Number of protein chains: 2
Amino acid sequence: MKISQGVEWGLHCATLLALAPPDRVVRRDRLAAHYGLPEAYLAKHLQAMARAGVLHAVPGPRGGYRLGREAARITVLDVVEAVEGSTPPFLCQEIRQRGTGALPPDQCRRPCAIHATMTAADQAWRASLRTVTIADLVARLPAGVRERNEKIVS
Amino acid sequence: MKISQGVEWGLHCATLLALAPPDRVVRRDRLAAHYGLPEAYLAKHLQAMARAGVLHAVPGPRGGYRLGREAARITVLDVVEAVEGSTPPFLCQEIRQRGTGALPPDQCRRPCAIHATMTAADQAWRASLRTVTIADLVARLPAGVRERNEKIVS
Ligand code: FES
Ligand code: FES
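The model shown is predicted, which means the values in this text are computed figures rather than measured ones.

J.: How do you make sense of the overall build of chain A when you look at a structure like this?
T.: Of the regular secondary structure elements, chain A holds seven helices and two strands. Taken from N to C terminus, the helices and strands of chain A fall in the order α-α-α-β-β-α-α-α-α. For chain A, the C-alpha radius of gyration of 20 Å lies well beyond 15 Å, the compact-globule estimate for 154 residues. Along the three orthogonal principal directions, the C-alpha set of chain A runs to about 65 × 30 × 25 Å. For chain A, buried positions account for 45% of its 154 residues. The contacts in chain A between residues at least 6 apart in sequence include a share of 66% that link residues at least 24 apart. Counting only carbon and sulfur atoms, one obtains 52% of the accessible surface of chain A, whose full area is about 7,400 Å².

J.: I tried to follow the relation of the copies chain B and chain A on my own but got confused; where do I start?
T.: Turning one copy of the chain about an axis and sliding it along that axis gives the other copy, so a rotation and a shift relate them. Superposing chain B onto chain A takes a rotation of 180° combined with a translation of 0.0 Å along the rotation axis, leaving an RMSD of 0.0 Å. In the structure described here, the two chain copies are related by an operation that fits a two-fold rotation axis. Of every C-alpha in chain B, the one belonging to Trp-125 of chain B sits nearest the axis of rotation, 2.5 Å from it. Interface overlap between copies: 100% of the residues of chain B at the interface are likewise at the interface in chain A, consistent with a symmetric, same-surface contact.

J.: Where do I start with the packing of helix α1 (residues 5-17) of chain B against helix α3 (residues 39-51) of chain B in this structure?
T.: Between two packed helices, both the angle of their axes relative to each other and the distance between the axes serve to describe the pair. Residue and element names in this part refer to chain B. Direction vectors running N to C along α1 and α3 enclose 70°, while the axes themselves pass 10 Å from each other. The pairing of α1 with α3 is recorded here as roughly perpendicular in orientation. Crossing hand, α1 versus α3: right-handed. Along its contact with α1, which presents Gln-5, Gly-6, Trp-9, Gly-10, Cys-13 and Ala-14, the element α3 presents Tyr-41, Leu-42, His-45, Leu-46 and Met-49. Partitioned by chemical class, the residues of the contact of α1 with α3 number seven nonpolar, four polar and no charged.

J.: What is the right way to read the interface of chain B and chain A from this model?
T.: Contacts between chain B and chain A engage 53 residues on the former and 53 residues on the latter. Between chain B and chain A the total buried area reaches about 4,800 Å² when both faces are included, carbon and sulfur atoms providing 65% of it. On the chain B side of the interface with chain A, the three residues burying the most area are Met-1, Glu-8 and Ile-95 of chain B, jointly 17% of the side's total. Among the elements of the structure, α1, α2 (28-35), α4 (76-84), α5 (113-130) and α7 (145-152) of chain B are those that each provide at least two residues to the side of chain B that touches chain A. If one sorts the elements of the side of chain B that touches chain A by residue count, α5 of chain B sits on top with twelve residues. For the side of chain B that touches chain A, the per-class residue count stands at 32 nonpolar, twelve polar and nine charged.

J.: Teacher, can you tell me more about the pairing of strand β1 (residues 55-58) of chain B here?
T.: For a regular strand, side chains alternate in direction, first toward one face of the sheet and then toward the other. Residues and elements named next belong to chain B. The pairing of β1 with strand β2 (residues 64-67) spans four bridges and is antiparallel. Residue Val-58 lies in a different strand from β2, and its bridge partner there is Gly-64. Counting the residues between successive antiparallel strands, the hairpin from β1 to β2 contains five residues, one of them, Gly-60, with a positive phi of roughly 100°.

Procedures and definitions
- Residues numbered from 1 in each chain as written.
- Chains lettered and ligands numbered in written order.
- Predicted model: local features only at pLDDT ≥ 70, side-chain atom pairs only at ≥ 80, totals over all residues.
- Heavy atoms only, no water.
- Helix = DSSP H or I, 4+ residues; strand = E, 2+ residues; numbered from the N terminus.
- Rg over C-alpha atoms; globule rule 2.2 N^0.38 Å.
- Buried < 20%, exposed > 50% of the residue type's maximum accessible area, 1.4 Å probe, protein only.
- Contact = heavy atoms within 4.5 Å.
- Areas by Shrake-Rupley, 256 points an atom, 1.4 Å probe, with all protein chains shown as cover.
- Least-squares fit on C-alpha atoms with pLDDT ≥ 70 in both.
- Axes fitted to C-alpha atoms, helices over the stretch in contact; angles between N-to-C directions.
- Parallel < 35°, antiparallel > 145°, perpendicular 65-115°, else oblique.
- Left-handed = near helix turned anticlockwise from the far one by under 90°.
- Nonpolar A, V, L, I, M, F, W, Y, C, P; charged D, E, K, R; others polar.
- Buried area = accessible area lost by both parts, 1.4 Å probe.
- Pairing = 2+ DSSP bridges.

So, in structure tokens, the structure goes:
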């Protein structure tokens, strides 16, 4: 089980974009340079975030990205799902219906207890990520970093 | 993000082994046949579960597996960590210390707020999986399945 690097990149970029003045667009090469990321690969994640509405993409030579809505209305989960997709990580292959021990379909109308337990844990994970917004992340930046980064993106 | 198929296999096998009389060893080919699983690939996961103490492996021609301890003392998390390992799925690459925006090391003594948020969600996921034991899964088997499977493994 592994979460893509794009999650770290996307969340840091969103936190940086949250410091830009409203309507200020930050160029993609600038975001990549700020965190030392490969621009082409970062592009993929920024596009996914734009598709999900977390970012707003402005095309053209003076284009770039800004947040798609207020930082207080973007949760960490929104970014994680934009980058990773929202497919649950546990994929039940209905092994209870296979092999010599196969159960008949009428005993399998609902997910088995194992499947239900994995789903509940996934929901706990998502619920936890939903409690933190990009605005919360900005509020927890170390002393001085906020001011410095505000200057960088203004 | 994806959880290995071995988790579904390992949890179902543990639930089946929980129905065997104490000290009864179930052969690996029988476990594989019961759920229609490829035996060589299942072997890998059963061995990992034995290494973690979740199962007890009995070698030799009449060998096989039984639970490593009472079903009520094996959590779903124990099986998941035996199969998947316990490495957190989010790997922070400290991008805050890279690129043109790099923070000095003395501002990076603690995980950043993004890293801490991902860690908290991982802990919520593990805590959820820790609330359910193999004994709980057995108690939630559909009517009749427990009795049928008890016969199969006795
Ligand atoms: S049949 Fe898939 S988890 Fe039980
Ligand atoms: S530096 Fe890795 S998550 Fe912030």
